[in-house]
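So the chains spell out like this:
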Amino acid sequence: MTTVARPVLVVANWKMHTTPLEASDLAVAIAAATSDDAIGRVICPPFVALAAVAAAVAGTGVEVGAQNVHDRPFGAHTGEISAPMLRGLASWCIVGHSERRRDQAETDDVIGRKLERCLESGLRPILCVGERLAEREAGLAEVTVRDQLKGASSALTGKGELGQAGLVVAYEPVWAIGTGRTARGVDAAVMAEAIRDALDALGWPDAAAIPVLYGGSVTSSTMAEFIAEPSIDGALVGGASLKVDEMAGIVARAALTARARVAQDPVG
Ligand code: PEP
């Protein structure tokens, strides 16, 4: 794999927070406080707030993502949302978040089909992978993440579609999500490299160009440690993304690094 400049991205995952009205107000405030074209900014509100947030951020450069999508394009699945339904509302979609793997028992197969659905509908997937604490302590962090990537890639492998997926991966150690405990930047960087190596081995074209974000209790104070690592291209932010000041600090820190990277490697 050759080294390439990758875009820097900050993705806000609002989880099950905000009514449509609250989401609209928060999105307006965050868009204004983070205005910077050096990086990509994505807000992923609850489904019911997608339309409100899309309207609120129109013209600001902030993009909108869904937090999930069903693994079938349509059918008798009461209460579910399919990828075609998201057209016009979202351009990104989080897939395989550990809270869904845990709460909805989502398997890598299901997650792979969700990637396929995203691809069919032009949604850019943000695929979440990460090990549990016991797996890290047993020295199985890389193996766990490799298996998750393999399982999730299986729906696309052999169909010549991998290169068109516009994939972003979020490395999110499960023990760091919502716990206030973060991985060390150096450890997350090792995992980001392992993720690109694994994607390359799985046949993803141009794996070196796939952005890998870190996620797990990122705040404006901890962002620097992660974005300082050249293999990490931004953050997936949960709790702190509901606070305007925190988002302003996170985006400002990420944008600083994005500019420095472009200055070092202007042609990419
Ligand atoms: C997440 O929801 O993906 C996440 C990383 O949450 P938090 O930042 O709250 O740990």
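Residues numbered from 1 in each chain as written. Predicted model: local features only at pLDDT ≥ 70, side-chain atom pairs only at ≥ 80, totals over all residues. Heavy atoms only, no water.

**Q** So what exactly am I meant to see when it comes to the sheet that holds strand E5 (residues 124-129) here?
**A** In a beta sheet, neighbouring strands are held together by backbone hydrogen bonds and run either parallel or antiparallel to one another. Taken in spatial order, the eight strands line up as E1-E2-E3-E4-E5-E6-E7-E8 and close into a barrel, and their pairing is parallel. The mean inter-strand angle of the sheet, taken between neighbouring strand axes irrespective of direction, is 25°. Direction of pairing for strand E6 (residues 168-171) relative to strand E7 (residues 212-215): parallel, over a ladder of three bridges. Pairing of Ala170 across the sheet is with Leu213, part of E7. (Pairing = 2+ DSSP bridges. Helix = DSSP H or I, 4+ residues; strand = E, 2+ residues; numbered from the N terminus. Axes fitted to C-alpha atoms, helices over the stretch in contact; angles between N-to-C directions.)

**Q** Teacher, can you tell me more about the site of the ligand here?
**A** In the vicinity of the ligand there are 14 residues, among which Lys15, Glu172, Gly178, Ser217 and Gly238 approach most closely. The side chain of Lys15 places a nitrogen or oxygen atom 2.9 Å from an oxygen atom of the ligand. With respect to the ligand, the backbone of Gly239 contributes an N or O atom lying 2.8 Å from an oxygen atom. Protein contact buries 96% of the 290 Å² of open area that the ligand shows by itself. Taken together, the residues that form the shell around the ligand break down as four nonpolar, eight polar and two charged. (Near = heavy atom within 4 Å. Polar contact = N/O pair within 3.5 Å; in protein donor to acceptor, adjacent residues only side chain to side chain. Areas by Shrake-Rupley, 256 points an atom, 1.4 Å probe, with all protein chains shown as cover. Nonpolar A, V, L, I, M, F, W, Y, C, P; charged D, E, K, R; others polar.)

**Q** Just to check I follow, could you spell out helix H7 (residues 185-201) for this structure?
**A** One full turn of an α-helix is made of 3.6 residues, so residues set three or four places apart face in the same direction. In this model, H7 (17 residues) spans 24 Å end to end at C-alpha, consistent with the 24 Å of a helix rising 1.5 Å per residue. Buried within H7 are the following residues: Gly185, Ala188, Ala189, Met191, Ala192, Ala194, Ile195, Arg196, Ala198 and Leu199. A positive phi of about 95° marks Gly203, the residue just after H7. (Expected span 1.5 Å × (residues − 1). Buried < 20%, exposed > 50% of the residue type's maximum accessible area, 1.4 Å probe, protein only.)

**Q** So what exactly am I meant to see when it comes to the side chain of Ser241 here?
**A** Relative to the assigned elements, Ser241 resides in the loop between strand E8 (234-237) and helix H9 (244-264). In this structure Ser241 touches Ala12, Asn13, Trp14, Ile30 and Met247, once residues within four positions along its chain are discounted. (Contact = heavy atoms within 4.5 Å.)

**Q** What is the right way to read the nonpolar core from this model?
**A** One recurring pattern in soluble globular proteins: nonpolar side chains tend to sit buried together. Within the largest apolar cluster, 70 residues are counted, with the highest numbers of intra-cluster contacts made by Trp14, Ile43, Val53, Leu127, Ile195, Leu199 and Tyr214. For this core, the leading source of residues is H7, giving seven residues. The next biggest cluster of nonpolar side chains, apart from the first, holds 12 residues, and it includes Leu9, Trp92, Cys128 and Val168. (Core = buried A, V, L, I, M, F, W, Y, C linked by side-chain atoms within 4.5 Å.)

**Q** Before we go on, may I ask you to explain the environment of Arg100 in this structure?
**A** Mapped onto the fold, Arg100 is located in helix H3 (residues 98-103). The class of Arg100 is partly exposed, set by a relative accessible area of 21%. Between the alpha carbons of Arg100 and Glu229 there is a distance of 28 Å; along the sequence they are 129 residues apart. For Arg100, the residues in contact, after removing those within four places along its chain, are Gln67, Asn68, Ala105, Glu106 and Lys114. Side-chain polar atoms of Arg100 contact the side chain of Asn68, separated by 3.2 Å.

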